Structures are given as C-alpha cells and as structure tokens.
Amino acid sequence: MNAPTPTYVDDRLAHWAERDDPALVLEESATLIGLFRWAAERDEHAGAALRLARALDRPLAIGRRWGSWERVLETARETAARTGDLREEGWALHQLGTRAYALGDAAEGVALLEAALDRRE
C-alpha cells in the first residue's frame, strides 16, 4: 500500500483545523494533538500543523487543559521558528504570553508578549 500524499494528509488536517466546534475538538483533543505533533515534525506538513494548533488553541484554553495547551503552543512556536514563519511564531508567543499571564505569571507573560511583538514587527 502506498503512503498517503502530503496533500491528502494536509486535507485531513485542514478538516479539523476548520472545525468551529470547540466541544468536539476538545473531545477529540488527544487524537488531534497526536496528529498535530506528527505533522509539526515534518516540514512538508508544517503549515497544516500550525493551522491545527490554532484550532486546538481555544478549546484547550476553554477546557482548562493548561499543560496540553502549553505543549501545543510551544510546539507551534518551535515549528514556526524552524520554518521561518514569523507570523505564526508571533501568534504562538502571544498565546503563550496570554496563558502565562492568565495563570498568574505576569513577568513571563509580559516577556512572551514582548517577544511576540518583536516577531510581528
């Protein structure tokens, strides 16, 4: 059996990235995080991985999955940095800063938000 093409895989990832159902995304989060991590490790799927990270962001925050939320954002930041995507790196840093600030670490939150601004400029 032939391996799926990058386009096929990206289409499947896009299906989840485009979902506007936080409850469903949260329900399937373990599987989606696994897919996200798999895609994030492969440059040919980095764009789809970053779109999936954005889809996971809100449900993980709403669901108070603090550790999973942080790991997804950190992996997204690393993937964006590795592939030179400053826009997505800025987004991930912004979300990490927001998370840190919301969880009571104002100094870390401000530092991450300033790093996000730096990437975005």
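Here the structure is a predicted model, which means the values were calculated and not measured. Counting of residues starts from 1 at the beginning of each chain's written sequence and follows it residue by residue. pLDDT decides what is reported in this predicted model: residues at 70 or higher carry local features, side-chain atom pairs at 80 or more are listed and counted, and totals for whole chains, interfaces and linings draw on all residues regardless. As a convention, hydrogens and water are excluded, and side-chain values are obtained from all of the structure's heavy atoms.

Colleague: Summarise the pattern of salt bridges; cite the residues concerned and give the values.
Modeller: Definition used for salt bridges: Asp or Glu carboxyl oxygen within 4 Å of a side-chain nitrogen of Lys or Arg. A full pass over the atoms with the stated rule returns eight salt bridges. For Arg 87, the salt bridge goes to Glu 88, with nearest N and O atoms at 2.8 Å. Any residue under 20% of the maximum accessible area for its type is buried, any over 50% is exposed, and the rest in between are partly exposed; the area is computed with a 1.4 Å probe on protein chains only. The class of Arg 87 is exposed, set by a relative accessible area of 58%. Each of the salt bridges in this network shares a partner with another, and the network as a whole consists of Arg 54, Arg 87 and Glu 88.

Colleague: Go over the packing of helix α3 (residues 29–40) against helix α4 (residues 46–62) with me, naming the residues and quoting the values.
Modeller: The relative placement of two packed helices comes down to the angle between their axes together with the axis-to-axis distance. Think of each axis as a best-fit line through the C-alpha atoms, taken over the contacting stretch in the case of a helix, with angles from 0 to 180 degrees between the N-to-C directions. In this description a helix means any DSSP run of H or I spanning at least four residues, a strand means any run of E spanning at least two, and both kinds are numbered starting from the N terminus. Taken N-terminus to C-terminus, the directions of α3 and α4 make an angle of 150 degrees; their axes are 9 Å apart at the nearest point. Comparing the axis directions of α3 and α4 gives the class roughly antiparallel. Between α3 and α4 lies a crossing whose hand is left-handed. When α3 is examined against α4, the residues Ser 29, Leu 32, Ile 33, Phe 36, Ala 39 and Ala 40 are found in contact with a partner set consisting of Ala 46, Ala 49, Leu 52, Ala 53, Leu 56 and Leu 60. For the contact of α3 with α4, the per-class residue count stands at 11 nonpolar, one polar and no charged. Roughly parallel here means an angle under 35 degrees, roughly antiparallel means over 145, roughly perpendicular means 65 to 115, and every remaining angle is called oblique. Crossing handedness is read from the near helix: turned anticlockwise from the far helix by less than a right angle, it gives a left-handed crossing, and turned clockwise, a right-handed one. Any two residues whose heavy atoms approach within 4.5 Å are treated as being in contact. When residue character is reported, Ala, Val, Leu, Ile, Met, Phe, Trp, Tyr, Cys and Pro are called nonpolar, Asp, Glu, Lys and Arg charged, and the others, Gly included, polar.

Colleague: Requested: an account of the environment of Ala 76, with residues and values cited.
Modeller: Here Ala 76 is to be found in helix α5 (residues 66–83). Judged by its relative accessible area of 0%, Ala 76 falls in the buried class. Residues Ala 76 and Ala 92, spaced 16 residues apart in sequence, show a C-alpha to C-alpha distance of 6.2 Å. Ignoring anything within four residues of it in the chain, the contact list for Ala 76 reads Phe 36, Leu 50, Ala 53, Trp 91 and Ala 92.

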